[in-house]
Amino acid sequence: MRRCRCAALGACLILAIAAPQGAVLAQTVDELYEFGVKARQAQHFDEAVEFLRRALALKPDNADALVQLGFAELGRDNLSAARDAFSNALSLAPTYRDASFGMAEVEFRSGNLDAALPLAETALRAEPGNADAATLIANIQKAKQAAGSEVRRSPAVPAPTKKPTSRRPDPVAGLMEQGRRLRAAGKLPEAEKVYRRALGLAPKNTDILVALGLVVGSSQSFDEAGLFFDRALAIKPGLLDARLGKVRLAIWRGDAPSARRLVDGVLASVPGNVEALELDARVALLEADYTRAGQSFQRVLAADPRNAEALVGLGDVRRAEGKEEDARDAYSQALAVEPGSFDIEQRLAVPPPRKWRLDLGSEVSDLTSGLGDWTDSSAGLSYRLSPRTTISGRTRLATRFGRTDVQIEGRIDQAFSPAFSAYALAAATPDADFLARYSIGAGASWQVMAPAKAFGPLSLNIDARYDNFADTNVTSISPWVQTSILDGRLGLSARWVHAQDDIGTGADGYVLRVDLAATPHFNVFGGYADAPEISDGTLVPTRAVFGGVSWDISDPLTLRASIAHEERPRFDRNTFGLGLTARF
């Protein structure tokens with residue numbers, strides 16, 4: 001018994017002496033990573049995998065450790081584990097060259113030559129002197145040529161019997177790569193079909209489920225996208241890619257509170273995750289917190305200067321801040337990283353914002369009972385001081401029963417967030433005959449519900465105004481609700497109107513309106529009103545039917561036409577109007 005104990009003690013001493021001294025005591029991520037790399041370089045692949053997995057247990061979002069693990073698994077010929085390691089590294093750092101090269105090696109060894117070649121070419125483009133990438137490309141091309149020779153071989157000349165040198169190609173991996181390319185090219189319907197074919201072959205493949213969720217979500221099928229992400233999470237609870245997909249889905253819906261809650265949850269578990277930081281910036285952009293958005297994108301670029309998505313995001317921040325030149329510079333840098341990217345080219349194709357807007361309009365009203373005509377014309381000019389602030393001025397020329405008034409108005413509009421905005425105005429009429437001598441007004445709009453698949457955003461609005469006439473004062477208040485359906489093409493609004501003068505006489509009514517986008521450039525509207533009109537300080541009960549069209553002749557020019565029929569106690573009024581809007 002004593003001899004056995006001595007032998008065991010001796011064996012332990014020998015193992016302790018044989019093992020690298022630091023490796024036995026390695027506890028930190030850096031130490032474990034260092035010994036893992038040394039073990040891989042010495043071709044001790046099992047030992048390398050052990051050290052690297054211990055490092056990743058302490059820091060799961062270490063892209064460098066994931067790449068080294070992938071190469072160690074390649075050394076053990078464990079292609080499935082290598083694919084997972086490289087894929088996770090690319091999800092953290094999409095432009096990581098070694099990860100792309102490693103994935104190319106996995107696809108080559110799996111026999112997926114069509115998937116391997118573009119990955120290897122990407123690695124070589126990023127680092128033209130990479131001899132390993134050049135060798136791999138040459139080997140892939142030789143293998144493709146050999147495969148072509150086998151296809152062209154005459155049936156009369158049998159192929160020599162030989163041992164297979166590669167595994168059977170994985171059709172799922174090939175479809176995944178094809179779908180990725182189609183999605184990058186902006187061909188979403190085609191990408192969706194390819195991913196659905198892959199899902200038919202592997203119904204529980206979470207990578208396919210997440211990819212499908214992203215594609216159908218990009219096509220605004222938000223509910224179905226959520227189901228794909230939920231299916232992936234049911235198979236692998238806590239799956240990072242699916243959790244990030246749900247953050248993207250909330251962003252696409254415009255649901256900033258949900259997006260913030262989800263991304264904060266991800267960052268709490270993986271604080272240095274590059275994609276989570278990018279999405280944190282996107283949520284901040286949705287919240288109009290441009291400072292935080294810019295900081296998050298800069299953190300990503302500090303770790304990965306060639307991260308195209310972060311460069312695009314930084315461009316979006318600069319564009320939202322009104323810094324168009326800086327935005328285009330960031331987009332151009334991103335396009336240099338990802339040449340031919342559909343999303344980036346679309347952003348660069350957007351014309352510079354037009355800060356000035358001119359509105360001209362004129363109406364002619366025919367009154368019954370032989371009362372003649374009224375006219376009402378206006379000219380307005382507005383200037384966008386910043387993406388959130390616009391100032392404007394308007395002059396109105398009106399005639400009633402042979403009398404003419406000229407009114408001058410100033411207004412400021414301020415967006416406090418993407419969901420809340422407000423305005424204030426003041427107007428004056430020198431030597432007023434029938435218009436108010438002066439007026440002040442204010443209003444606000446609050447988007448209480450983000451767009452969904454069936455309905456557009458739901459907004460609650462309110463307008464209030466005080467008019468001072470020569471012999472009376474009138475206060476009016478008008479809350480109203482607005483939404484849309486059919487992917488935003490049909491707008492609906494309902495307004496309640498309450499007006500009261502200084503002696504307590506009040507009147508109430510309502511206005512209903514429908515707007516239809518018949519084409520992307522042609523809109524039609526119509527509605528019905530049963531509400532008081534303020535005429536020369538008097539509250540006049542009025543019923544009206546109205547309608548009109550607007551036509552975007554070009555990006556800077558819109559033409560408008562309208563018609564209305566009013567019924568008043570003393571007369572009826574038929575109104576015809578024309579107008580135009582020019583942006584420059």
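Residues numbered from 1 in each chain as written. Predicted model: local features only at pLDDT ≥ 70, side-chain atom pairs only at ≥ 80, totals over all residues. Heavy atoms only, no water.

1. A word on the overall build of the protein chain
Link 1 in the chain: Check the secondary structure of the protein chain and you find 20 helices and 14 strands.
Link 2 in the chain: At 34 Å, the protein chain has a C-alpha radius of gyration far larger than the 25 Å of a compact globule built from 584 residues.
Link 3 in the chain: A principal-axis box enclosing the C-alpha atoms of the protein chain has dimensions of 120 × 70 × 40 Å. (Helix = DSSP H or I, 4+ residues; strand = E, 2+ residues; numbered from the N terminus. Rg over C-alpha atoms; globule rule 2.2 N^0.38 Å.)

2. Things to note about the packing of helix α11 (residues 188-201) against helix α12 (residues 206-218)
Link 1 in the chain: Direction vectors running N to C along α11 and α12 enclose 155°, while the axes themselves pass 9 Å from each other. With respect to each other, α11 and α12 are oriented roughly antiparallel. Classified by chirality, the crossing of α12 by α11 is left-handed. Facing Leu 188, Ala 191, Glu 192, Tyr 195, Arg 196, Ala 198 and Leu 199 of α11, the residues of α12 in contact are Ile 208, Leu 209, Ala 211, Leu 212, Val 215, Val 216 and Ser 218.
Link 2 in the chain: Broken down by class, the residue content of the contact of α11 with α12 amounts to 11 nonpolar, 1 polar and 2 charged. (Axes fitted to C-alpha atoms, helices over the stretch in contact; angles between N-to-C directions. Parallel < 35°, antiparallel > 145°, perpendicular 65-115°, else oblique. Left-handed = near helix turned anticlockwise from the far one by under 90°. Contact = heavy atoms within 4.5 Å. Nonpolar A, V, L, I, M, F, W, Y, C, P; charged D, E, K, R; others polar.)

3. Details of the nonpolar core
Link 1 in the chain: Val 67, Leu 74, Phe 86 and Ile 140 are the most contacted members of the largest nonpolar core, which has 37 residues in total.
Link 2 in the chain: Secondary-structure elements contributing two or more residues to this core are α4 (45-58), α5 (63-75), α6 (79-92), α7 (97-110), α8 (113-126) and α9 (131-152).
Link 3 in the chain: Of the residues forming this core, the biggest block, 8 residues, is contributed by α5.
Link 4 in the chain: If we ignore the near neighbours within four places in the chain, the residues touching Phe 86 are Val 67, Gly 70, Phe 71, Leu 74, Asp 98, Ala 99, Gly 102, Met 103 and Val 106. (Core = buried A, V, L, I, M, F, W, Y, C linked by side-chain atoms within 4.5 Å. Buried < 20%, exposed > 50% of the residue type's maximum accessible area, 1.4 Å probe, protein only.)

4. What to know about helix α15 (residues 256-269)
Link 1 in the chain: Across its 14 residues, α15 extends 20 Å between first and last C-alpha, which sits within 8% of the 20 Å expected from 1.5 Å per residue.
Link 2 in the chain: Among the residues of α15, those classed as buried are Ala 256, Ser 258, Ala 259, Arg 260, Val 263, Val 266 and Leu 267.
Link 3 in the chain: The inward-facing, buried residues of α15 contact α14 (240-253), α16 (274-286) and α17 (290-303). (Expected span 1.5 Å × (residues − 1).)

5. Some details on the packing of aromatic side chains
In this description, an aromatic ring pair is defined by two values, namely the gap between the centres and the angle between the planes.
Link 1 in the chain: In this structure the tally under the stated criterion is 10 aromatic pairs.
Link 2 in the chain: Where Phe 35 meets Phe 51, the ring centres are 6.0 Å apart and the plane angle is 40°; that geometry is what we call tilted. One end of the pair, Phe 35, is in helix α3 (residues 29-41); the other, Phe 51, is in helix α4, and 16 residues separate them in sequence. For the pair Phe 35 and Phe 51, a shared accessibility class is recorded, and that class is buried. (Phe/Tyr/Trp six-rings, centres within 6.5 Å; stacked < 30°, edge-to-face > 60°.)

6. A closer look at the side chain of Asn 273
Link 1 in the chain: Secondary-structure assignment places Asn 273 in the loop between α15 and α16.
Link 2 in the chain: The residues contacting Asn 273, other than those within four sequence positions of it, are Asp 61, Leu 92, Leu 240 and Leu 244.

7. Some thoughts on the pattern of salt bridges
Link 1 in the chain: A complete count under the given rule lists 35 salt bridges for this structure.
Link 2 in the chain: For the salt bridge of Arg 253 with Asp 223, the shortest nitrogen-to-oxygen distance reads 2.9 Å. Separated by 30 residues along the polypeptide, Arg 253 in helix α14 and Asp 223 in helix α13 (residues 222-235) bring together distant segments of the chain.
Link 3 in the chain: By relative accessible area, Asp 223 is classed as partly exposed at 43%.
Link 4 in the chain: A salt bridge links Asp 555 to Arg 354; the nearest nitrogen and oxygen atoms lie 2.3 Å apart. Of this pair, Asp 555 sits in the loop between β12 (538-554) and β13 (557-567) while Arg 354 sits in the loop between α20 (342-349) and β1 (356-367), and the two are 201 residues apart along the sequence.
Link 5 in the chain: The network of salt bridges with shared partners includes Arg 260, Asp 264, Asp 280, Glu 287 and Arg 292. (Salt bridge = Lys/Arg side-chain N within 4 Å of Asp/Glu carboxyl O.)

8. Quick word on unusual backbone geometry
Link 1 in the chain: Residue Ala 288 is not a glycine yet carries a positive backbone phi of 65°.
Link 2 in the chain: Take Ala 288: its relative accessible area is 9%, and that puts it in the buried class.

9. So, the confidence of the model for the protein chain
Any segment with low pLDDT has predicted coordinates that should not be analysed in fine detail.
Link 1 in the chain: For the protein chain, per-residue confidence averages 84 on the pLDDT scale, and 90% of positions sit at 70 or higher.
Link 2 in the chain: Below a pLDDT of 50 lies the segment residues 1-26, which in the model reaches 9 contacts outside its immediate sequence neighbourhood of four places, other chains included.
Link 3 in the chain: The low-confidence segment residues 150-167, where pLDDT is below 50, has 10 contacts with residues more than four positions distant or belonging to other chains. (pLDDT = per-residue confidence, 0-100.)

10. Details of the pairing of strand β5 (residues 420-428)
Link 1 in the chain: By the bridge criterion, 8 bridges tie strand β4 (residues 403-415) to β5 in an arrangement that is antiparallel. When the sheet's bridge partners are listed, Ile 408 is paired in β5 with Ala 428.
Link 2 in the chain: The loop that links β4 with its antiparallel partner β5 comprises 4 residues.
Link 3 in the chain: Here β5 pairs with strand β6 (residues 438-449) via 9 bridges, running antiparallel. Along β6, the bridge assignment pairs Tyr 423 with Gly 443. (Pairing = 2+ DSSP bridges.)

11. Things to note about a nonpolar patch on the surface
Link 1 in the chain: Together, Phe 416, Phe 420, Trp 446, Val 448, Met 449, Leu 460 and Val 481 give the surface a local cluster of nonpolar side chains, amounting to about 630 Å² of exposed area.
Link 2 in the chain: Examining the composition of the nonpolar patch, we find that 3 residues originate from one element, β6, more than from any other.
Link 3 in the chain: Mapped onto the elements of the fold, Val 448 is located in strand β6.
Link 4 in the chain: The class of Val 448 is partly exposed, set by a relative accessible area of 36%. (Patch = residues over 30% accessible without salt bridge, like charges linked within 9 Å, V, L, I, M, F, W, Y side chains within 5 Å. Areas by Shrake-Rupley, 256 points an atom, 1.4 Å probe, with all protein chains shown as cover.)

12. Notes on the environment of Pro 237
Link 1 in the chain: Structurally, the position occupied by Pro 237 is in the loop between α13 and α14.
Link 2 in the chain: C-alpha of Pro 237 to C-alpha of Leu 52: the two residues are 185 residues apart in sequence and 23 Å apart in space.

13. A word on the pairing of strand β10 (residues 506-519)
Link 1 in the chain: Examined bridge by bridge, strand β9 (residues 490-501) and β10 share 11 bridges and lie antiparallel to one another. Note that in β10 the partner of Arg 495 across the bridge is Val 511.
Link 2 in the chain: Where β10 folds back on strand β11 (residues 522-535), the antiparallel hairpin that results is connected by 2 residues.

14. Things to note about the packing of α15 against α16
The packing of two helices is summarised by the inter-axis angle and the distance between the axes.
Link 1 in the chain: Between α15 and α16, the shortest axis-to-axis distance is 10 Å and the interhelical angle comes to 155°. For the element pair α15 / α16, the angle class is roughly antiparallel. Seen from above, α15 lies across α16 with left-handed handedness. Residues Ala 256, Ala 259, Arg 260, Val 263, Asp 264, Val 266 and Leu 267 of α15 form the contact with α16, whose own contacting residues are Ala 276, Leu 277, Leu 279, Asp 280, Val 283, Ala 284 and Leu 286.
Link 2 in the chain: Of the residues that constitute the contact of α15 with α16, the class distribution is 11 nonpolar, no polar and 3 charged.

15. Side note on the environment of Leu 360
Link 1 in the chain: Turning to its location among the elements, Leu 360 is positioned in strand β1.
Link 2 in the chain: Among the residues examined, Leu 360 registers a relative accessible area of 34% and is labelled partly exposed.
Link 3 in the chain: Spatially, the C-alpha atom of Leu 360 lies 9.6 Å from that of Arg 394, the residues being 34 residues apart in sequence.
Link 4 in the chain: When near neighbours in sequence (up to four residues on either side) are disregarded, Leu 360 contacts Ser 378, Ala 379, Arg 560, Leu 578, Gly 579 and Leu 580.

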